[in-house]
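# Descriptive structure summary
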Amino acid sequence: MSINKRNEILSCLGLLAVTLFWGMGFVFVKTSVDLIPPLYLLGFRFLTGGVVLALIFIKKTVRSERQVIVHGSILGVILYIAMALQTYGCKYTTAGKNAFLTTIYVILVPFMHYIFNRVNPRLKYIVAALIGFWGIGLISLTESLTIQLGDVLTLLCGLFYAIQIVMIARYTVTDDPVLLVIWQFIVTGVLSFISAPLVSGGLAKSMFTRESVTSVIFLIVFSTIFGFGLQIVCQKYAPPAPAAIIMGMEAVFGAVASYVFLHEVMTARMITGCVMMIAAMLMVEIDIISYFYPDEYLDSAYGIDYEKLYDEGIRGIIFDIDNTLVMHGYPPDERAVNLLTSLDRMGFKILFLSNNKEDRVKSFRDAAVPGAFYLHKANKPLKSGYHKAMDMMGCDTESTVFIGDQLFTDVWGAKRCGMENILVAPIDPHEEIQIVLKRILERIVLSSYKRSGRDIIRPHEKKQLNI
């Protein structure tokens, strides 16, 4: 295993630990706010955390420039507002709901980028927002369609978290992230201690019980110093997509911890809302549409440079039949016979893989190139048919290419097997209704594919073979 790969794995495991402690932090906040007023809790947590980190990175801290102090202070004000809203929100709602509703920031970040940085949100972000807000309704709305105070405060917290993330992205371009965190914590802690007496009065000895002190220590050590400190180190090596997914698990850990330690009950409707929140979060963080991108998209199976494929080591070609080589249900025409015969002479092994009945597939094979293989009722996009096809030809994923006209059956099955694939435009646009509906979704994916620029990364020369 390479050093980089090992660092990636260790960083992802580190982020998982961070997320676990953050999720458990919701439980400790819930058990603390009934004894220690929220603002005092934030003051102890962040001022102590900031001072400890400043001492750990003392050489950096004493050399802090004015710019990083100003930027860290701005982040501290935003974090103070966000954490105050979250902590008071946890006081007036359950820890599990508080954990899930906070993750609204994941969905809001792209829209905050538009407001602050003029980066237009993509269509998938809008769809994710709709799903996420639907999930919020299921989690938060009561039977009378009203929402509790704690849920409102938590949602506002998520809004300020989103603003903070966008501002961090802007400031870390020029500033040291460690110093930003230190000054952010210190400012958050100072603001909390300044405002706490005005809101909650003075500190009382009765606030400091064994339970509350244990909770504060956990929040300072694990959720703040260890959590944010390790996050900085791990995100330096962890790939962004896995890191984002792991960080989003904070809500799941928070809900599970509240169920185990606080015995909170979640209704079926709330669980459905949580699942929708997770789905929306994943839609934002993972480029799901790109998973369906073909390796290449060409106008026709007859415009592929097969000689180039052979030179690249391809020895087996798996073809779909209907609307790839001929119109649906048609026998092989002269063009198809000439192409397949030419490929057979070049040394390619050919296999026809179809979800159609055996009579259709076998008759096409017999009339086109009798020496080819075929598999009928292949259940594309299941991988079993593709693996069996490679076994029949004596090829593997490195030496096989799949060519077909349907994205969600032909090409998706090949991609799942790790096989090179080429999507071609259908020969006949007049198709059965169930295929027409799939074509609508295909157009959305292909539009994204073309906008991404991947359609020109490795295109085959679109020359017509002289056959």
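For the structure, check the block above.
Here we summarise the structure given alongside this text. (Residues numbered from 1 in each chain as written. Predicted model: local features only at pLDDT ≥ 70, side-chain atom pairs only at ≥ 80, totals over all residues. Heavy atoms only, no water.)

Let us look at the overall build of the protein chain. Along its length, the protein chain carries 19 helices and six strands. Scored against the burial criterion, the 467 residues of the protein chain give a buried share of 50%. Across the protein chain, contacts joining residues at least 24 apart in sequence account for 80% of those joining residues at least 6 apart. In the structure as shown, the protein chain presents an accessible area of about 22,300 Å², 64% of it carried by carbon and sulfur atoms. (Helix = DSSP H or I, 4+ residues; strand = E, 2+ residues; numbered from the N terminus. Buried < 20%, exposed > 50% of the residue type's maximum accessible area, 1.4 Å probe, protein only. Contact = heavy atoms within 4.5 Å. Areas by Shrake-Rupley, 256 points an atom, 1.4 Å probe, with all protein chains shown as cover.)

Glancing now at the pairing of strand β6 (residues 420-424). Of all five residues in β6, five are buried, a share of seventy percent or more. Burial along β6 is two-sided: the face carrying Glu-420, Ile-422 and Val-424 and the face carrying Asn-421 and Leu-423 are both buried. Here strand β1 (residues 296-298) runs beside β6; their pairing, made up of three bridges, is parallel. From the neighbouring strand, Glu-296 faces β6, where its bridge partner is Ile-422. The pairing of strand β5 (residues 400-404) with β6 spans four bridges and is classified as parallel. Note that in β6 the partner of Val-401 across the bridge is Glu-420. Handedness of the β5-helix α18 (residues 407-416)-β6 crossover: right-handed. (Pairing = 2+ DSSP bridges. Right-handed = clockwise from strand over helix to strand, strands pointing away.)

For β5, the buried fraction is high: five of the five residues fall into the buried class. Burial along β5 is two-sided: the face carrying Thr-400, Phe-402 and Gly-404 and the face carrying Val-401 and Ile-403 are both buried. Bridge count between strand β2 (residues 316-319) and β5: four bridges; the pairing is parallel. If you follow Gly-316 over to β5, its bridge partner there is Thr-400.

Let us look at the sheet that holds strand β4 (residues 373-375). Strands pair in a sheet through their backbones, by hydrogen bonds, and they do so in one of two ways: parallel or antiparallel. Taken together, the six strands give an open sheet; going across it, the order is β1-β6-β5-β2-β3-β4, and neighbouring strands pair in parallel fashion. Since the sheet does not close on itself, it has two edges, and those belong to β1 and β4, each with one partner. Across this sheet, the average inter-strand angle for adjacent strands is 20°, counted without regard to direction. In the sheet, β2 pairs with strand β3 (residues 349-353) via four bridges, with the strands oriented parallel. The partner of Phe-319 across the bridge, within β3, is Phe-352. Across the sheet, helix α16 (residues 358-368) touches β3 and β4, and the angle it forms with β4 is around 165°. Where α18 meets the sheet, its contacts fall on β5 and β6, and the angle it forms with β6 comes to roughly 165°. (Axes fitted to C-alpha atoms, helices over the stretch in contact; angles between N-to-C directions.)

Attention shifts here to the side chain of Gln-184. Structurally, the position occupied by Gln-184 is in helix α9 (residues 177-200). Residue classification places Gln-184 among the buried residues on the basis of a relative accessible area of 3%. Among residues more than four places away in sequence, those in contact with Gln-184 are Gly-72, Leu-75, Gly-76, Leu-79, Gln-164 and Ile-168.

For soluble globular proteins, nonpolar side chains are generally found buried alongside one another. Residues Leu-39, Leu-41, Ile-182 and Phe-185 are the most contacted members of the largest nonpolar core, which totals 59 residues. When contributions to this core are tallied by element, the ones reaching two or more residues are α1 (3-32), α2 (38-56), α4 (66-91), α5 (95-102), α6 (104-117), α8 (149-171), α9 and α10 (210-237). Looking at which element gives the most residues to this core, the answer is α4, with eleven residues. Once you skip the residues sitting within four places of it in the chain, Leu-41 turns out to touch Val-29, Ser-32, Val-33, Ile-36, Thr-87, Val-216 and Leu-219. (Core = buried A, V, L, I, M, F, W, Y, C linked by side-chain atoms within 4.5 Å.)

By the burial criterion, the buried members of α16 are Arg-360, Val-361, Phe-364, Arg-365 and Ala-368. Here the buried residues of α16 occupy an arc of 125° about the axis, which is enough to place them on one side. (Arc of directions from axis to C-beta.)

Taken as a whole and assessed by the stated rule, the structure comprises 16 aromatic pairs. Measuring from ring centre to ring centre gives 6.0 Å for Phe-21 and Phe-218, while their planes differ by 65°; the resulting arrangement is edge-to-face. Here the residue Phe-21 occupies a position in helix α1, and Phe-218 occupies one in helix α10, the gap between them amounting to 197 residues. In this structure an aromatic cluster arises from ring pairing among Phe-21, Phe-28, Phe-218, Phe-222 and Phe-226. The positively charged end of Arg-315 is found above the aromatic ring belonging to Tyr-310, 3.6 Å away from the centroid. We note Arg-335 situated over the ring of Tyr-302; from NZ or CZ to the ring centre the distance is 3.8 Å. (Phe/Tyr/Trp six-rings, centres within 6.5 Å; stacked < 30°, edge-to-face > 60°. Lys NZ or Arg CZ within 6 Å of the ring centre and 35° of its normal.)

Following Lys-380, the chain continues to Pro-381 via a peptide bond in cis, the omega torsion being 15°. Note on placement: Pro-381 falls in the loop between β4 and α17 (383-393). A positive phi angle, near 40°, is found at Lys-377, a position not held by glycine. Note that Lys-377 resides in the loop between β4 and α17.

So, on to α2. Its 19 residues give α2 an end-to-end C-alpha distance of 27 Å, which sits within 8% of 27 Å, the value for a rise of 1.5 Å per residue. Considered for burial, the residues of α2 that qualify are Pro-38, Leu-39, Tyr-40, Leu-41, Leu-42, Gly-43, Arg-45, Phe-46, Gly-49, Gly-50, Leu-53 and Ala-54. (Expected span 1.5 Å × (residues − 1).)

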